[in-house]
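Residue strings, one per chain:
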Amino acid sequence: MIKDDKIFVMIEISLNEDQKKDFQKNGFLIIESFLETTHFERLYERFQSLFNGNFETGIEPDEWNWKFESGPKDVTRQICNAWKSDNSIKEIVCNEFLGKACAELMGWSGSRLLQDNVLWKPPGGKTLAYHQDAAYDDWIVPQTMMTCWMPIDNVDKEKGTLEYVKGSHLWGLSPPKGQFHSPKDYKKELNEYASKLNKEIQIQYVEVPAGGAAFHHGYTWHGSGINNTNSNRRAIVAHCVPSDSKFHPTNTGGTARIYKKYKKLETDELDESFFPIIWTKGGYRTNV
Ligand SMILES: O=C(O)CCC(=O)C(=O)O
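## A closer look at the pattern of salt bridges
Then, in step 1: Across all of its chains, the model carries 12 salt bridges by this definition.
Then, in step 2: The salt bridge partner of Lys 20 is Glu 17, with a shortest N-O separation of 3.8 Å. Here Lys 20 and its partner Glu 17 are both found in helix α1 (residues 17-26), 3 residues apart, which amounts to about one turn of the helix.
Then, in step 3: Overall, the relative accessible area of 23% leaves Lys 20 in the partly exposed class.

And the structure:
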């Protein structure tokens, strides 16, 4: 993509000490205003097109759970790595301000995009189970993650917005188990884990206008309920890792079955064509 073609304006966040302390204490940071909404109509079209299976670049995303012609109406629709298929999504998830905020909150010297998600919870759209993002990337060293969740519709509790458990990034990491999409009890794994550790669950709902953002630590427990409104709840998500992360030399289970296909012979290095560096302290970034 030619850089001058950029149309989505992201606001550079200058994190103050209180925000950094809040993040360290709670495991998340919620921002009212991050992405300017001027061109959101284009994103709504892109969502439609992606879930119709029409890919602007001609490249298929790495994972999807839903298509217009075959998907049930009440399921939350998800695509992983839409940035490879769509230039508008790429522009957003590879934004340098996003990478900078992730790195600064986690104390990294740079951020790399590991994967994106495009999420569409329609009216009546079902739950997503509580989980920890870093539990899914045991094929990466170090096994960590930082996520930036960007709703492109106004979101609140009734709409099945994202929910966090305060301070749960300090509870360690538990391997993923159970059903991720549409479980009846979307808090089952969370409740079991918290009770094993004798922890109290305090929930924070992300209630922000379209264009806001929520950043969370890879160990923070999060999930979401049913969309009980008549409006869509759509979000774009960037999952980042430190810019100098590597493939785990031996782990091959879980999502490694999909993403280790991008591992080159004789090296554990992550190829920037598939895992772009989006911000570093020194100024380097992949020319995506
Ligand atoms: O949008 C949601 O409900 C879930 C998002 C999520 O799991 C994530 O951003 O890591």
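## A closer look at the site of the ligand
Then, in step 1: Residues in contact with the ligand amount to 13 residues; listed here are only the nearest, Asp 133, Trp 149, His 222, Ser 224 and Arg 233.
Then, in step 2: His 131 has a polar side-chain atom sitting 3.1 Å from an oxygen atom of the ligand.
Then, in step 3: A distance of 3.0 Å is found between an oxygen atom of the ligand and a side-chain nitrogen or oxygen belonging to His 222.
Then, in step 4: Bound to the protein, the ligand loses 99% of the 290 Å² it would expose on its own.
Then, in step 5: Where the shell around the ligand is concerned, the elements lending two or more residues are β5 (128-131), β7 (146-151), β11 (222-224) and β12 (233-242).
Then, in step 6: Counting residues per element, the shell around the ligand draws most heavily on β12, at 3 residues.
Then, in step 7: Its residues assigned to classes, the shell around the ligand shows 5 nonpolar, 6 polar and 2 charged.

## Focus: the packing of aromatic side chains
Then, in step 1: Scanning the model with the defined rule gives 16 aromatic pairs in all.
Then, in step 2: For the ring pair Trp 66 and Phe 68, a centre distance of 4.9 Å and an interplane angle of 80° mean the geometry is edge-to-face.
Then, in step 3: Its relative accessible area of 28% is what places Phe 68 among the partly exposed residues.
Then, in step 4: Ring geometry for Trp 139 versus Phe 275: centroids 6.2 Å apart, planes at 50°, classification tilted. Taken together, the positions of Trp 139 in the loop between β5 and β6 (140-141) and Phe 275 in the loop between α6 (256-259) and β14 (277-280) put the pair 136 residues apart, joining distant regions of the chain. The two residues Trp 139 and Phe 275 agree in class, both being buried.
Then, in step 5: An aromatic cluster is built from Trp 139, Phe 247, Tyr 259, Tyr 262, Phe 274 and Phe 275, whose rings are joined through pairwise contacts.
Then, in step 6: Across the ring face of Trp 66, the terminal group of Arg 77 is positioned such that the distance to the ring centre comes to 4.0 Å.
Then, in step 7: Directly above the ring of Trp 120 sits Arg 77, whose terminal nitrogen or CZ lies 4.5 Å from the centroid.

Basis of the calculations
Residues numbered from 1 in each chain as written. Predicted model: local features only at pLDDT ≥ 70, side-chain atom pairs only at ≥ 80, totals over all residues. Heavy atoms only, no water. Salt bridge = Lys/Arg side-chain N within 4 Å of Asp/Glu carboxyl O. Helix = DSSP H or I, 4+ residues; strand = E, 2+ residues; numbered from the N terminus. Buried < 20%, exposed > 50% of the residue type's maximum accessible area, 1.4 Å probe, protein only. Near = heavy atom within 4 Å. Polar contact = N/O pair within 3.5 Å; in protein donor to acceptor, adjacent residues only side chain to side chain. Areas by Shrake-Rupley, 256 points an atom, 1.4 Å probe, with all protein chains shown as cover. Nonpolar A, V, L, I, M, F, W, Y, C, P; charged D, E, K, R; others polar. Phe/Tyr/Trp six-rings, centres within 6.5 Å; stacked < 30°, edge-to-face > 60°. Lys NZ or Arg CZ within 6 Å of the ring centre and 35° of its normal.

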